[in-house]
Protein chains: 4
Amino acid sequence: MGQAEAVEKAKKVKFVIFDIHGILTDNTLFYAQDGVKSEAFCLNDQVGIKALMDSGVGVSFLTSKVSRDVEQMAKIYGVPPDMLWGSSAKMARLDEFEKQSGLKDDDICYVGDEMIDLGIMKRVFFSVAPADGSSEARAIADLVTMVGGGKGVARELAQFILEAQGRWETFVAQYH
Amino acid sequence: MGQAEAVEKAKKVKFVIFDIHGILTDNTLFYAQDGVKSEAFCLNDQVGIKALMDSGVGVSFLTSKVSRDVEQMAKIYGVPPDMLWGSSAKMARLDEFEKQSGLKDDDICYVGDEMIDLGIMKRVFFSVAPADGSSEARAIADLVTMVGGGKGVARELAQFILEAQGRWETFVAQYH
Amino acid sequence: MGQAEAVEKAKKVKFVIFDIHGILTDNTLFYAQDGVKSEAFCLNDQVGIKALMDSGVGVSFLTSKVSRDVEQMAKIYGVPPDMLWGSSAKMARLDEFEKQSGLKDDDICYVGDEMIDLGIMKRVFFSVAPADGSSEARAIADLVTMVGGGKGVARELAQFILEAQGRWETFVAQYH
Amino acid sequence: MGQAEAVEKAKKVKFVIFDIHGILTDNTLFYAQDGVKSEAFCLNDQVGIKALMDSGVGVSFLTSKVSRDVEQMAKIYGVPPDMLWGSSAKMARLDEFEKQSGLKDDDICYVGDEMIDLGIMKRVFFSVAPADGSSEARAIADLVTMVGGGKGVARELAQFILEAQGRWETFVAQYH
């Protein structure tokens, strides 16, 4: 898909759903000897998520199971607790959200990187994969970001969407 | 060894044994001040291991000593506890497994990266080393993966083996 | 801005304020399952900070909130506790410091990487961004370091400033 | 210095002293919120250190202060506790060792990366710096390794020294 088409799609986005592993992280899992898991997130994504929400574009995080590290990270990123979705039935979770919110597939951007994301990427209007996503995800994505997972995907995508919508300059202006 | 020969060998693989350090990790050991060790694994390998097992190819992990972090990681990857082998006598462990399972060296793929893996790599039918394995391991490997240890070796190898066996498309299809 | 102009500005620097995230770290946040956060610092920066202070250039670290990890790191780097500034009102903190110290904007170098740093970067005499800072920060910086955040920004900048001031050789000489 | 001269020097090495930070690590310090520090080591170095010791070349680690993480790592690497030297007075520690062991500067290889290592690097017969060592250390080193700190410096150097001494093949042979 061409960049011009991706821009056209980005113009219509009202809500962005981020898969967590491979998108907000680079898929690395750190395991300590005592069995405690850690993951690495990127603080730059905080700016992207704030930019989307300040501009009226909704944001949620979708992962199969929510653990404390993901909760802490969501708090840092400013994502409200009810937008932190823990479900391995990703399609069903999306159905439920659309019923509650009145949003449709056409309003939604989904960011995913692996096999399990293919169905939902094909369903929503605008699908995005990171530079280091699986070849399967990149093949069907409307947009592949320049950065890889955990290196600022949300920040890059926020700028892409908000520039398409003519809202990025306004967001940046408040800092100048 | 040429790629074509590696494909021929991959066709016959019934069981894959992964060394852990340098294969499922990049050989980095994190040590905390209080002596607790951590290691970094790659979630993408979960897909590769699932693909192998779903397609009827057995999988085990072989490391000199099993600690809690490795147990947790094996659980995430879906490898059954009895397939998590902790032994520094790698050859003897393989002998034992072959006796129990009825499998032969000719059915087995071994993935290793260091000196200690050379003997077993030469013994089994199909030997694999990661892109950043030692020069000694890469020199004798039937296949060197494009990615380095801890960056998706199991995922890449699973696709290689299952494409050779004509089973990869079937695995991917369920996600489309 | 040209390198020559950056050197001229560096000659006049009496005090350097380092933003922490993205400057002394690469913006990665590690979260453990139990909610504990970690961050990665670079020991080479210790040399840069020592070089500045030994040469009579003051140093402070400015971050929105000071946590234990930042305190430990500041201790390693030799930055005095009262120079570890925790405030999200960065401008107000700078006003207060200037009143106390008698230093002016013209004496100060600020190192930042994100939107929130733009105002203070435009205010002080000499502004610096790391190689992997946001495009907005790099666009207005007087100097962009060759290394990225968490990879020795303070060490590189210290050498740049002290070479401009003719003091680097003296610092290095004590080790030969 | 040319490679040929480095080989000549390597032939005479009887003992190797490794600085720890920046050599066995890449100088990254991980700090947790609760103040606990971690560091990242490379398992490949275990092979290098074993190769040196098996071949009769002594090994010690020298760092300003020994903490639990360094003790654990030394155990993994097989370095005896009395060869784990914690002293910020590096020169004095070397004097003491030479007196005890009967070894001279001419027998010793030192591997360092920063300002603090320059004196000892100039004193011993064969000095080594990693690929990402400071420009000051690399400038005076007899050999700069191809890999950076924490990425297998000890393994690469062991092979360099033992190949120069004609002992590498013997070490590798036991694994074939």
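Fair warning: this is a prediction, and the values are worked out from it, not measured in the lab.

Participant: What should I look at first to understand a positive patch on the surface in this one?
Facilitator: A contiguous patch of positive charge, built from Lys-151 of chain A, Lys-151 of chain B, Lys-151 of chain C together with Lys-151 of chain D, is present on the exposed surface. In this structure, Lys-151 of chain A sits in the loop between strand S8 (143-144) and helix H7 (153-164).

Participant: Just to check I follow, could you spell out the interface of chain C and chain D for this structure?
Facilitator: When the parts of a complex come together, some accessible area is lost, and that lost area is often used as the size of the interface. Between chain C and chain D, the contact holds 24 residues from the first and 20 residues from the second. Contact with chain D buries surface across chain C, with Leu-43, Tyr-175 and His-176 of chain C losing the most and accounting together for 28% of the total. Our enumeration of links across chain C and chain D arrives at 2 salt bridges. A salt bridge links Glu-136 of chain D to Arg-155 of chain C; the shortest N-O distance between them is 3.3 Å. On the surface where chain C and chain D come into contact, there are 9 residue pairs in polar contact (both at pLDDT 80 or more). At the level of secondary structure, the elements contributing two or more residues to the side of chain C that touches chain D comprise strand S3 (37-42), helix H2 (44-54), helix H3 (68-77), helix H7 (153-164) and helix H8 (168-173) of chain C. In this sheet, strand S2 (residues 28-32) of chain D lies alongside S3 of chain C in antiparallel orientation, the contact comprising 5 bridges. Residue pairing in the sheet places Cys-42 of chain C in a bridge with Thr-28 of chain D of S2 of chain D.

Participant: Could you clarify how one ought to interpret a negative patch on the surface in this entry?
Facilitator: Together, Asp-34 of chain A, Asp-34 of chain B, Asp-34 of chain C together with Asp-34 of chain D give the surface a local cluster of negative charge. Structurally, Asp-34 of chain D is set in the loop between S2 and strand S3 (37-42). On the basis of relative accessibility, which here comes to 44%, the residue Asp-34 of chain D falls in the partly exposed class.

Participant: Got a minute to help me understand the relation of the copies chain C and chain D in this structure?
Facilitator: In summary, the two copies of the chain are related to each other by a rotation about an axis coupled with a shift along it. Turning chain C through 90 degrees and shifting it by 0.0 Å along the axis lays it on chain D, with an RMSD of 0.0 Å. Interpreted geometrically, this transformation is the action of a four-fold axis. In this assembly the copies use different faces: only 8% of the residues contributing to the interface of chain C also contribute to that of chain D.

Participant: Before we go on, may I ask you to explain the sheet that holds strand S8 (residues 143-144) of chain C in this structure?
Facilitator: The strands making up a sheet associate through backbone hydrogen bonding, with each pair oriented either parallel or antiparallel. Residue and element names in this part refer to chain C. The strand order across the open sheet formed by 6 strands is S5-S4-S1-S6-S7-S8, and the pairing between neighbours is parallel. Strand pairing shows two members of the sheet lacking a second neighbour, strand S5 (84-86) and S8, which therefore form its edges. With 5 bridges joining them, strand S1 (residues 15-19) and strand S4 (residues 58-63) adopt parallel strand pairing. If you follow Asp-19 over to S4, its bridge partner there is Leu-62.

Participant: So what exactly am I meant to see when it comes to the pairing of strand S2 (residues 28-32) of chain A here?
Facilitator: Working note: regular strand, side chains alternate between the two faces of the sheet. Residue and element names in this part refer to chain A. Judged by how many residues are buried, S2 sits mostly within the fold: 5 of 5 residues are covered. Burial along S2 is two-sided: the face carrying Thr-28, Phe-30 and Ala-32 and the face carrying Leu-29 and Tyr-31 are both buried. Pairing analysis gives 2 bridges linking S2 to strand S3 (residues 37-42), with the strands arranged antiparallel. Opposite Tyr-31, over in S3, you have Lys-37 as the bridge partner. Where S2 hands over to S3, the hairpin turn is made up of 4 residues, of which Gly-35 adopts a positive phi near 90 degrees.

Participant: What is the right way to read the pairing of strand S7 (residues 126-129) of chain B from this model?
Facilitator: Residue and element names in this part refer to chain B. Residues Phe-126 and Val-128 line one face of S7 and the alternating positions Ser-127 and Ala-129 line the opposite face, and both faces are buried. Relative to S7, strand S6 (residues 108-111) runs parallel, the two being bridged by 3 bridges. Within S7, the position partnered with Tyr-110 by the bridge is Ser-127. Note on the crossover from S6 through helix H5 (residues 118-123) to S7: the handedness is right-handed. Bridging between S7 and strand S8 (residues 143-144) involves 2 bridges; their strand directions are parallel. Note that in S8 the partner of Ala-129 across the bridge is Val-144. For the crossover from S7 across helix H6 (residues 135-140) to S8, the handedness is right-handed.

Participant: Would you take a moment to explain the interface of chain A and chain C for this structure?
Facilitator: Each side of the interface is counted separately: chain A has 24 residues, and chain C has 20 residues. Of the roughly 1900 Å² buried between chain A and chain C, counting both surfaces, carbon and sulfur atoms make up 58%. When the area that chain A buries against chain C is broken down by residue, the three leading residues are Leu-43, Tyr-175 and His-176 of chain A, summing to 28%. Counting the contacts that link chain A with chain C gives 2 salt bridges. Residue Arg-155 of chain A pairs with Glu-114 of chain C through a salt bridge whose shortest N-O separation is 2.7 Å. Here chain A and chain C share 9 residue pairs in polar contact (both at pLDDT 80 or more) between them. Taken together, the elements giving at least two residues each to the side of chain A that touches chain C come down to S3, helix H2 (44-54), helix H3 (68-77), H7 and helix H8 (168-173) of chain A. At 6 residues, S3 of chain A tops the list of elements feeding residues into the side of chain A that touches chain C. Partitioned by chemical class, the residues of the side of chain A that touches chain C number 13 nonpolar, 6 polar and 5 charged.

Participant: Looking at this model, I keep getting lost on the pattern of salt bridges. Mind explaining?
Facilitator: Charged atoms that come close allow side chains of opposite charge to pair. All names here are of chain D. Considering all chains together, one arrives at 52 salt bridges over all chains under this definition. For Lys-9, the salt bridge identified is with Asp-142, shortest N-O distance 3.5 Å. You can see Lys-9 sitting in helix H1 (residues 3-11) and its partner Asp-142 sitting in the loop between helix H6 (135-140) and strand S8 (143-144), a full 133 residues away along the chain. Here Lys-9 and Asp-142 have matching classes, each one buried.

Calculation rules
- Residues numbered from 1 in each chain as written.
- Chains lettered and ligands numbered in written order.
- Predicted model: local features only at pLDDT ≥ 70, side-chain atom pairs only at ≥ 80, totals over all residues.
- Heavy atoms only, no water.
- Patch = residues over 30% accessible without salt bridge, like charges linked within 9 Å, V, L, I, M, F, W, Y side chains within 5 Å.
- Areas by Shrake-Rupley, 256 points an atom, 1.4 Å probe, with all protein chains shown as cover.
- Salt bridge = Lys/Arg side-chain N within 4 Å of Asp/Glu carboxyl O.
- Lys, Arg positive; Asp, Glu negative; His and termini not counted.
- Charge placed at Lys NZ, Arg CZ, Asp CG, Glu CD.
- Helix = DSSP H or I, 4+ residues; strand = E, 2+ residues; numbered from the N terminus.
- Contact = heavy atoms within 4.5 Å.
- Buried area = accessible area lost by both parts, 1.4 Å probe.
- Polar contact = N/O pair within 3.5 Å; in protein donor to acceptor, adjacent residues only side chain to side chain.
- Pairing = 2+ DSSP bridges.
- Buried < 20%, exposed > 50% of the residue type's maximum accessible area, 1.4 Å probe, protein only.
- Least-squares fit on C-alpha atoms with pLDDT ≥ 70 in both.
- Right-handed = clockwise from strand over helix to strand, strands pointing away.
- Nonpolar A, V, L, I, M, F, W, Y, C, P; charged D, E, K, R; others polar.

Worth remembering: the numbers are spatial, not functional.
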